[in-house]
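Results of the structural survey
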Amino acid sequence: MGVTEPESVSIAAGRAREGELLDAATSLFAERGYGDADTQALVERMGVGKGTLYRYFASKKALFLAAVDRVMRRMTAQIDASVAGVEDPLERIAVAIRAYLEFFATNPEYVELLIQERALFRDREKPTYFAYRERNMVRWRELYRSLIYDGRIRDMPVEEITEVLGHLVYGTMFTNYFTGQPKSSPEQAREILDVVFYGILSERERRRLVVQTPESKDS
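Only a predicted model underlies this, so the values are computations on that prediction, with no experimental measurement involved. (Residues numbered from 1 in each chain as written. Predicted model: local features only at pLDDT ≥ 70, side-chain atom pairs only at ≥ 80, totals over all residues. Heavy atoms only, no water.)

This paragraph deals with the overall build of the protein. If you tally the helices and strands in the protein, you get eleven helices and zero strands. In terms of C-alpha radius of gyration, the protein reaches 22 Å, well past the compact-globule figure of 17 Å for 219 residues. With respect to the three principal axes, the spread of C-alpha positions in the protein is 80 × 45 × 35 Å. Within the protein, buried positions represent 38% of all 219 residues. Taking the contacts inside the protein whose residues are at least 6 apart along the sequence as the reference set, 64% of them involve residues at least 24 apart. Roughly 13,100 Å² of accessible area belongs to the protein as shown, and the carbon and sulfur atoms make up 54% of that amount. Of the side-chain charges in the protein, 31 are positive and 34 negative, and the distance between the mean point of each set is 2 Å. (Helix = DSSP H or I, 4+ residues; strand = E, 2+ residues; numbered from the N terminus. Rg over C-alpha atoms; globule rule 2.2 N^0.38 Å. Buried < 20%, exposed > 50% of the residue type's maximum accessible area, 1.4 Å probe, protein only. Contact = heavy atoms within 4.5 Å. Areas by Shrake-Rupley, 256 points an atom, 1.4 Å probe, with all protein chains shown as cover. Lys, Arg positive; Asp, Glu negative; His and termini not counted. Charge placed at Lys NZ, Arg CZ, Asp CG, Glu CD.)

Here is the structure:
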């Protein structure tokens, strides 16, 4: 049997309330930290009873982890939306990096939640951020394989490419959060890609290094 209209309205209302609770919780955790963000403060901020809160989330930990999970779902959705319709693979990479940096620059409270999860829940097998990154890397590695096949980037392990680029944008995100973002997200993305795509060596120096391989030095 299908869902009736009243049931669908009820489901939509429940999802909306859950989203409101997660919004309030995200702000509270970011402002006070997990330890000092008690559920009483949250229900007071929301104007609901604790029963309503526990109807959606069984515990404070469950609420926190749900908030972190939603951060990653929103990040993934924003990047997906930004690259939709971008045909050129290299341009898709550039657009995705810009969207990633802009997402966290616009929502610094999301960075705070990622920091808290890593610090407070070390017993978890894998932090939420890296669980999502691992799943998302599959499609990006396929994209790099296609670029290698087409001769547009040099033949190298795609795992190496995704790891290095992943670490670069991850580190940039945290540096921006801790020190303030000195440049716009598009400018930072351009600089990252300038170094990654073109390197820092001149053409002459690259040719010299190719010629002076370890084998040639030994001969």
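Text resumes after the structure shown.
Turning our eyes to something else, we now look at empty space enclosed by the protein. Regions of empty space are outlined by a rolling probe, equal in size to a water molecule, passed over the atoms. Scanning the model with the defined rule gives two cavities of 30 Å³ or more in all. Each pocket or cavity is described by its volume, and for the largest cavity that value is around 370 Å³. What lines the largest cavity is a set of 19 residues, among which Ile79, Tyr100, Met137, Trp140 and Val169 lie closest to the centre. Those elements that place two or more of their residues in the lining of the largest cavity are helix H4 (60-83), helix H5 (89-106), helix H7 (128-149) and helix H8 (158-179). Looking at the lining of the largest cavity residue by residue, the classes come out as 13 nonpolar, four polar and two charged. The computed volume of the second largest cavity comes to approximately 40 Å³. Around the second largest cavity, the lining residues are Leu114, Glu117, Arg118, Pro127, Tyr129, Phe130 and Tyr170. (1 Å grid on protein atoms, 1.4 Å probe; cavity = no way out; pocket = protein on both sides within 12 Å on 5 of 7 lines; lining within 4 Å. Points joined across faces, edges and corners; volume = space filled by probe spheres on them. Nonpolar A, V, L, I, M, F, W, Y, C, P; charged D, E, K, R; others polar.)

Running from amino to carboxyl end, H5 crosses helix H6 (residues 108-120) at an angle of 90°, the nearest separation of the two axes being 4 Å. With respect to H6, the element H5 is oriented roughly perpendicular. In this structure, H5 contributes Phe103, Phe104, Ala105 and Thr106 to the contact, and H6 contributes Pro108, Tyr110, Val111 and Leu114. Its residues placed into classes, the contact of H5 with H6 shows seven nonpolar, one polar and no charged. (Axes fitted to C-alpha atoms, helices over the stretch in contact; angles between N-to-C directions. Parallel < 35°, antiparallel > 145°, perpendicular 65-115°, else oblique.)

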